[in-house]
Amino acid sequence: MTQSPVYDVVIIGGGPAGLTAGLYASRGRFSTLLIERGLFGGQIATTEHVENYPGFPNGISGMELGQFMMEQAEKFGLKTISAEASGIELQGGLKIVKTSEGDLVARTVIVAGGSQRQKMAVPGEEEFTGKGVSYCATCDAAFFQDQAVAVVGGGDSAISEALHLAKFASKVTLIHRRDELRATGILQERAFAEPRIQLLWDTTVESVEGKKFVEKLRVNNVKTGTKSAIEVSGVFVSIGFRPDTDYLRGILPLDSAGHIITNERMETDIPGIMAAGDIRHNSAKQAITAAGDGATAALSVERFLTESR
Ligand SMILES: Cc1cc2nc3c(=O)[nH]c(=O)nc-3n(C[C@H](O)[C@H](O)[C@H](O)COP(=O)(O)OP(=O)(O)OC[C@H]3O[C@@H](n4cnc5c(N)ncnc54)[C@H](O)[C@@H]3O)c2cc1C
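Computed from a predicted structure; not experimentally measured.

**Observations regarding helix 1 (residues 16-27)**
Working note: α-helix, 3.6 residues per turn, so residues spaced by three or four point in the same direction.
1) Next: Look at helix 1: 16 Å from first C-alpha to last across 12 residues, which is about the 16 Å you get at 1.5 Å a residue.
2) Next: Counting buried positions over the 12 residues of helix 1 gives 10, a clear majority of the element.
3) Next: Among the residues of helix 1, those classed as buried are Pro16, Ala17, Gly18, Leu19, Thr20, Ala21, Gly22, Leu23, Ala25 and Ser26.
4) Next: Where helix 1 terminates, the next one or two residues include arginine 29, which has phi positive at roughly 65 degrees.

**What about the nonpolar core?**
1) Next: Among the nonpolar cores identified, the biggest contains 30 residues, and Tyr53, Leu65 and Ile110 are the most heavily contacted of them.
2) Next: Only strand 1 (6-12), helix 1, helix 2 (62-75) and helix 6 (287-307) provide two or more residues apiece to this core.
3) Next: In terms of residues, this core owes the most to one element, helix 6, which gives 7 residues.
4) Next: Setting aside chain neighbours within four positions, we find leucine 65 in contact with Ile44, Val50, Tyr53, Phe56 and Ile60.
5) Next: Ranked by size, the runner-up nonpolar core spans 22 residues in total, among them Ala85, Ile88, Val97 and Ile270.

**Description of the site of the ligand**
1) Next: In the vicinity of the ligand lie 31 residues, with Glu36, Gln43, Asn52, Cys139 and Ala287 positioned nearest.
2) Next: Residue arginine 37 places a main-chain N or O atom 3.2 Å away from a nitrogen atom belonging to the ligand.
3) Next: Take isoleucine 44: an N or O atom from its main chain is 3.3 Å from an oxygen atom of the ligand.
4) Next: Contact with the protein chains removes 93% of the 1,000 Å² of surface that the ligand exposes when unbound.
5) Next: Those elements that place two or more of their residues in the shell around the ligand are helix 1, strand 2 (32-36) and helix 6.
6) Next: Its residues placed into classes, the shell around the ligand shows 14 nonpolar, 12 polar and 5 charged.

**Quick word on the sheet that holds strand 14 (residues 227-231)**
1) Next: The strand order 12-13-14 describes an open sheet built from 3 strands, whose pairing is antiparallel. Both outer strands of the open sheet, strand 12 (203-210) and strand 14, are each paired with one neighbouring strand and no more. Strand-to-strand twist of the sheet, defined as the mean angle between neighbouring strand axes without regard to direction, takes the value 25 degrees.
2) Next: As judged from the 7 bridges shared by strand 12 and strand 13 (residues 214-221), these two strands associate in the antiparallel manner. Residue pairing in the sheet places valine 205 in a bridge with valine 219 of strand 13.

The rules behind these values
- Residues numbered from 1 in each chain as written.
- Predicted model: local features only at pLDDT ≥ 70, side-chain atom pairs only at ≥ 80, totals over all residues.
- Heavy atoms only, no water.
- Helix = DSSP H or I, 4+ residues; strand = E, 2+ residues; numbered from the N terminus.
- Expected span 1.5 Å × (residues − 1).
- Buried < 20%, exposed > 50% of the residue type's maximum accessible area, 1.4 Å probe, protein only.
- Core = buried A, V, L, I, M, F, W, Y, C linked by side-chain atoms within 4.5 Å.
- Contact = heavy atoms within 4.5 Å.
- Near = heavy atom within 4 Å.
- Polar contact = N/O pair within 3.5 Å; in protein donor to acceptor, adjacent residues only side chain to side chain.
- Areas by Shrake-Rupley, 256 points an atom, 1.4 Å probe, with all protein chains shown as cover.
- Nonpolar A, V, L, I, M, F, W, Y, C, P; charged D, E, K, R; others polar.
- Pairing = 2+ DSSP bridges.
- Axes fitted to C-alpha atoms, helices over the stretch in contact; angles between N-to-C directions.

Geometric values such as these leave the question of function open.
Okay, structure coming up:
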């Protein structure tokens, strides 16, 4: 890459947060460059059907939704490149975004790199993702009406997912590697009171199996070493989120799990650096909330650039 021009805003990440920020910033006539290291559209582009994004009463494929977001932003002048960000340096009033394609110079940066659900890292997990393996009960529970499913995890999000799934599934087996849950008391009480939820303590998943779709899980009792199989059509993995912010350590304020801390305007402690979407602390981790964060972050960029002129 030749010497970078000075962009008004560089956006890291091309998911719903980044693409919405790109739409708002370029429509506001700010020179805007978005960098994406993988699939434009982000996580939502990996899911087959999205039923809870407003404006699409019959749902929409995740891939199409991502493409629409990108098309709409590009229509207003958003520029995009395929590159991975590996750092941000402050140079006077400017920000230097270090990337795999060279340094980019910007007046402001919006970090919208998302967050990935922690994986179990067992055979079959990758292969059946979207075919019975899910990381989002809010998104996919309705596809498992009257079917048996499992949830893996023991924290608040696992219990919330199990309770949500119990409204749809015939049976929810909650698989937890310990003999007590980490979730808050009230959630535990609700889970124990829900007849459709059964707990499988001291158990880990060894593999996910099936033909085209998930059919069973092979599990291991970590105390007795007993191995068995449980028949399910779906498995919801809820063992935590991992925001990809290692390269921002020491530059931006992060919470203990590595999410970027912002105020309600999506501003970080560093003037001119905003964060939006799943990557930020307390995000609801939904496409619509990520898009909302992206819009808010771009409006904060606009305010920052106008005030610093
Ligand atoms: C299987 C699945 C199904 C889902 N279904 C639904 C649903 O039905 N409804 C719903 O509302 N939500 C759903 N979600 C959640 C939703 O997809 C996310 O909440 C949303 O995509 C978050 O948007 P984001 O822009 O913050 O992050 P992401 O979508 O994660 O996008 C971030 C992007 O940044 C890129 N990136 C990260 N780091 C860098 C870097 N250093 N340099 C360059 N690029 C980088 C990543 O490659 C990624 O493309 C689902 C998630 C999954 C995984």
